[in-house]
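# Examination of the molecular architecture
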There are 2 protein chains.
Amino acid sequence: VEVGGGDDAAVLAPTPGRRLVVTTDVLVEGRHFTAALSQPADWGWKAVAVNCSDVAAMGGLPRWLVLALTVPEGTPVSRLDALYAGIREACRAFAVDLVGGDTSGGPALSLAATAIGEAERVVTRSGARPGDRLAVSGPLGAAAAGLALLRRDDPAAAELLAAFPALAAAHRRPCPELGAGPRLARAGATAMLDVSDGLAGDALHLAEASGTGLEVDEARVPLAPGVRQAAELLDLDPVALALGGGEDFVLAVALPPEVDPTAHALVECGRFTATSDRRVRLTSHGPAPLAGLAFDHFRPDG
Amino acid sequence: VEVGGGDDAAVLAPTPGRRLVVTTDVLVEGRHFTAALSQPADWGWKAVAVNCSDVAAMGGLPRWLVLALTVPEGTPVSRLDALYAGIREACRAFAVDLVGGDTSGGPALSLAATAIGEAERVVTRSGARPGDRLAVSGPLGAAAAGLALLRRDDPAAAELLAAFPALAAAHRRPCPELGAGPRLARAGATAMLDVSDGLAGDALHLAEASGTGLEVDEARVPLAPGVRQAAELLDLDPVALALGGGEDFVLAVALPPEVDPTAHALVECGRFTATSDRRVRLTSHGPAPLAGLAFDHFRPDG
């Protein structure tokens, strides 16, 4: 960063030969976060994390961030301080520079972040080919389980949240797969995205963008620790949390046959096909269309 | 643009050897614009324009834009269509590519735009030296006069707005100085910014950032056509509109003695000094401190 805040704009020196990867996401209080379930520092963290995750999902390494805030009148300074503390913590954790911003009054607290990264090799959503494997970079369901338990607000939910602190953390402080993104791009991934809407819907996006079929095997989808117990308490099928629950921010990738998923710490859980079927083989119920498994009610505003 | 909307992020190919210039600005309904004074297409235009202006003010050429919107529930589709039409018109007019965006529900309409440009030579606010001239790239006061007349909403104001259509346009559809920014950077400008808060306050920013004194000569500050007539109708000193009124988006630059302002279509209106005085020589009242001439009530929310 050559010129940071305080001037009309930030000045950055891009790395020669790399592509720029740019993404923007806005989080709004009452919709993407609420004081009942998380803290202002968490909101700041999350605004940085979700944007960095999008850069990683293209095979890029996030480097710079700008942030446009709207802040209701009468917001206590301590709340803004906490928000910025979370932003700075995330920037430090993910090695991105906050290079500029703008703040305006407004009726709700909102955080519009734009992340800029660099990539040697870009991986879009649309390059999967029949015969490629579908693999994920980590276990699923933690964010949805954490959110559902936080909403329950009863002693049994509190006990489970205490036993599996990663569940609430997955909702409040998601960690994007910053190392895995560029690594999988180098390894030859043919398509990639981050799981923000639930694996069922996001894997469907990969297949649709690539014009392939897809068969997901539920039995091979890795569940995060505590998800099974949360599902039992919540009287849900764990598959709903693992496939329909969003915001896990693991990467879902298409790998050509010659790339070994286990060599890249990936878990194989499906296969792209030459058909037009895009479905999941459910352990208990048999095959079901992927399109039926997007569960909007696992969102903070659901 | 190699990958546009619909993927996790946009992919851009930066020009080798150039610096990146990045800025973000958020506009909120009721604060930066209101349906009583301008149309949704104007709001979209303005969100693009103000960000492009910041890039120009660094000596850069804006190339790419991303946009994060919050939209109240129940917003008519026709309003959003008009907003996007204005965004697209401005992108076409300023030759920038809209490469990505995000939309969320929220309690107010807000537009957080991030512009990314490229610069061969960057000009910050802090390089002015004693002996440099202060010059502006265009006449001042039009946006403030236009806004004040639109607010008046009486026949005399309407008549003046009809006689000088550029006044309302300056408020509704500002045009950033995209050509002048890089040209003045090449010509050797030592400091530069865009006049968004009023020339008095913005020239003061240049002097403060550069650690110089500054003497502005009111008699040489160019007034936009109609500003004098608007001031008379509004019972204001025209200097209030020209020096205190914001959002003109002309460039204010510091030029070293060897650069001729007229050769660059600039109007000289002051001089940076080695003193600590930062003042304006008012034609009618003699010298006054620049700091006293920022008029916050010439803003849409004032």
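Quick note: structure is the one above.
Just so we're clear, the structure is a prediction, and the values are computed from it rather than from any experiment.

### Re the packing of helix α4 (residues 155-163) of chain B against helix α8 (residues 227-234) of chain B
Residues and elements named next belong to chain B.
- The N-to-C vectors of α4 and α8 enclose an angle of 180°; their axes lie 11 Å apart at closest approach. Of the possible angle classes, the one that applies to α4 and α8 is roughly antiparallel. Of α8, the residues touching α4 (which contributes A156, A157 and L160) are Q229, A230 and L233.
- Taken together, the residues of the contact of α4 with α8 sort by class into five nonpolar, one polar and no charged.

### A look at the packing of helix α4 (residues 155-163) of chain A against helix α5 (residues 165-172) of chain A
All names here are of chain A.
- Where α4 meets α5, the axes come as close as 4 Å, and the angle between the chain directions of the two elements is 90°. The angle between the axes of α4 and α5 places the two elements in the roughly perpendicular class. The residues of α5 that touch α4, namely those facing L161, A162 and A163, are P165, L167 and A168.

### A word on the interface of chain A and chain B
- Every contact between the two is made by 49 residues of chain A and, on the other side, 49 residues of chain B.
- When residues of chain A are sorted by the area they lose upon contact with chain B, A:D8, A:L20 and A:V22 head the list and together hold 18% of the total.
- Viewed at the interface, chain B and chain A are joined by six salt bridges.
- The shortest N-O distance in the salt bridge between A:D8 and B:R125 comes to 3.0 Å.
- For the side of chain A that touches chain B, the secondary-structure elements that each account for two or more residues are β1 (10-12), β2 (19-28), β3 (61-71), β4 (97-105), β5 (110-119) and β7 (191-194) of chain A.
- Take the side of chain A that touches chain B: its biggest share by element is nine residues, from β2(A).
- Across three bridges, the pairing between β1(A) and strand β2 (residues 19-28) of chain B is antiparallel. In the sheet register, A:V11 faces β2(B), and the bridge partner there is B:V21.

### Concerning the relation of the copies chain A and chain B
- You can overlay chain A on chain B at an RMSD of 0.0 Å; the transform is a turn of 180° with a shift of 0.0 Å along its axis. Put plainly, the chains are arranged around a two-fold axis.
- Of all interface residues in chain A, 100% are interface residues in chain B too; the two copies therefore contact each other through one and the same surface.

### Observations concerning the pairing of β7(A)
All names here are of chain A.
- Burial along β7 is two-sided: A191 and L193 facing one way and M192 and D194 facing the other are all buried.
- The pairing of β7 with strand β9 (residues 251-255) spans four bridges and is antiparallel. The residue of β9 that forms the bridge with D194 is L251.

### Considerations on the sheet that holds strand β8 (residues 213-217) of chain A
All names here are of chain A.
- Judged by pairing direction, the sheet is mixed, and its seven strands sit side by side in the order β7-β9-β6-β10-β8-β11-β12 without closing on themselves. Both outer strands of the open sheet, β7 and β12 (286-289), are each paired with one neighbouring strand and no more. Adjacent strand axes in the sheet meet at a mean angle of 25° when their direction is disregarded.
- Relative to strand β11 (residues 278-282), β8 runs parallel, the two sharing four bridges. Within β11, the position partnered with L214 by the bridge is R278.

Conventions adopted
Residues numbered from 1 in each chain as written. Chains lettered and ligands numbered in written order. Predicted model: local features only at pLDDT ≥ 70, side-chain atom pairs only at ≥ 80, totals over all residues. Heavy atoms only, no water. Axes fitted to C-alpha atoms, helices over the stretch in contact; angles between N-to-C directions. Helix = DSSP H or I, 4+ residues; strand = E, 2+ residues; numbered from the N terminus. Parallel < 35°, antiparallel > 145°, perpendicular 65-115°, else oblique. Contact = heavy atoms within 4.5 Å. Nonpolar A, V, L, I, M, F, W, Y, C, P; charged D, E, K, R; others polar. Buried area = accessible area lost by both parts, 1.4 Å probe. Salt bridge = Lys/Arg side-chain N within 4 Å of Asp/Glu carboxyl O. Pairing = 2+ DSSP bridges. Least-squares fit on C-alpha atoms with pLDDT ≥ 70 in both. Buried < 20%, exposed > 50% of the residue type's maximum accessible area, 1.4 Å probe, protein only.

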